[in-house]
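# Notes for the structure review
Take a look at the letters that make up each chain.
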Amino acid sequence: MSVEQNAEAEHSMQDIHPQDNGRVFERLRTVRLRPTSARICILQVLAGTQRQAMNADSIYQQLLHIGMSVSLGTIYRVLKEMEGAGLLLRGREASASGNKARYLIKPDQVEADSCYLVCRVCERSVLVQDAPLVEQLRQAAAAYGMEIGAHVISVQMRCSHCSGEAQAGRGKGLRPG
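Reading guide: rules and limits
- Residues numbered from 1 in each chain as written.
- Predicted model: local features only at pLDDT ≥ 70, side-chain atom pairs only at ≥ 80, totals over all residues.
- Heavy atoms only, no water.
- Pairing = 2+ DSSP bridges.
- Helix = DSSP H or I, 4+ residues; strand = E, 2+ residues; numbered from the N terminus.
- Axes fitted to C-alpha atoms, helices over the stretch in contact; angles between N-to-C directions.
- pLDDT = per-residue confidence, 0-100.
- Contact = heavy atoms within 4.5 Å.
- Buried < 20%, exposed > 50% of the residue type's maximum accessible area, 1.4 Å probe, protein only.
- Parallel < 35°, antiparallel > 145°, perpendicular 65-115°, else oblique.
- Nonpolar A, V, L, I, M, F, W, Y, C, P; charged D, E, K, R; others polar.
- Salt bridge = Lys/Arg side-chain N within 4 Å of Asp/Glu carboxyl O.

### Looking at the sheet that holds strand β5 (residues 125-129)
- Pairing within the open sheet is mixed, and its three strands lie in the order β5-β4-β6. Both outer strands of the open sheet, β5 and β6 (153-157), are each paired with one neighbouring strand and no more. When the angles between neighbouring strand axes are averaged without regard to direction, this sheet yields 25°.
- The pairing of strand β4 (residues 114-119) with β6 spans five bridges and is parallel. Looking across to β6, one finds that Y116 is bridged to S154.

So, in structure tokens, the structure goes:
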């Protein structure tokens, strides 16, 4: 985890408050999942990200940071259970090591004609509610033999902040001789 990611993790973990447990318990009970310590902590980590999708490795790092010892296998299992129960939304992250699943807490009310724009660098996500856009994406998927289904659409890109940092980094090349 980079220094910047660690600082973001510390900041987002400050947003987790014990009084949020009531909401976490309520969400778990609504979908008939027993509120285990792993489920509670994972939901709290995701709730503390302010609607940013996270992959299992990032969740694992945040749990370690707060002193919670949960295996990566348990995190994957719990994420899959909560997604199956309708608590979480899952997107995909393209990386050098392959595709990774990214999760975020499903909003209480998600419009059918909506999609998320997700920065592949900082993981910030923005909900876009645009019926014509979603319909066009459904038509494009159908034209290529794909089906979007009832899931929320997630489009990966790079936000302006991360694009600016990448361009600034490219300008710091080696000086000639």
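### Comments concerning the confidence of the model for the chain
- Overall, the prediction assigns the chain a mean pLDDT of 76, with 73% of residues at 70 or greater.
- By mean pLDDT, helix α1 (residues 3-14) is the weakest element of the chain at 40, and helix α5 (residues 72-84) is the strongest at 94.
- Contacts of residues 1-19 to residues separated by more than four positions or lying in other chains number 20 contacts, the stretch itself having pLDDT below 50.
- The model gives residues 172-177 a pLDDT under 50, and that stretch makes zero contacts with residues more than four places away or in other chains.

### Topic: the environment of I75
- In this structure, I75 sits in helix α5.
- Since its relative accessible area comes to 0%, I75 is described here as buried.
- Apart from residues lying up to four places away in sequence, I75 is in contact with I42, A56, I59, Y60, L63 and V70.

### Observations regarding helix α3 (residues 37-47)
- Counting buried residues along α3, nine of its 11 residues qualify, which places the element largely inside the surrounding structure.
- Among the residues making up α3, those that are buried are A38, R39, I40, C41, I42, L43, Q44, V45 and L46.

### Things to note about the packing of α3 against α5
- Orientation of α3 relative to α5, taken along the N-to-C sense of each, is 75°, at an axis distance of 10 Å. Between α3 and α5, the angle falls in the class roughly perpendicular. For the pair α3 and α5, the contacting residues are A38, R39, I42, L43 and L46 in the first and T74, I75, V78, L79, E81 and M82 in the second.
- For the contact of α3 with α5, a count of residues per class yields eight nonpolar, one polar and two charged.

### With respect to the packing of α3 against helix α4 (residues 56-65)
- In contact at an axis separation of 10 Å, α3 and α4 are set at 105° when each is read in the N-to-C sense. With respect to their mutual orientation, α3 and α4 come out roughly perpendicular. Taking contact as the criterion, the partners of C41, I42, V45 and L46 in α3 are, on α4, I59, Q62 and L63.

### Considerations on the pairing of β4
- A large share of β4 lies buried, amounting to five of its six residues.
- Between β4 and the antiparallel strand that follows it, β5, lie five residues; E123 among them carries a positive phi value of about 70°.

### Concerning the pattern of salt bridges
- Scanning all chains against the criterion turns up five salt bridges.
- A salt bridge links K100 to D57; its shortest N-O distance comes to 3.0 Å. With a gap of 43 residues between them, K100 in strand β3 (residues 98-105) and D57 in helix α4 connect regions that are remote in the sequence.
- Linking R77 and E81 is a salt bridge whose minimum nitrogen-to-oxygen distance equals 3.1 Å. Here E81 and R77 lie together in helix α5, a separation of four residues that amounts to about one turn.
- Among the residues examined, R77 registers a relative accessible area of 42% and is labelled partly exposed.
- Taken together, the shared-partner salt bridges connect R39, R77 and E81 into one network.

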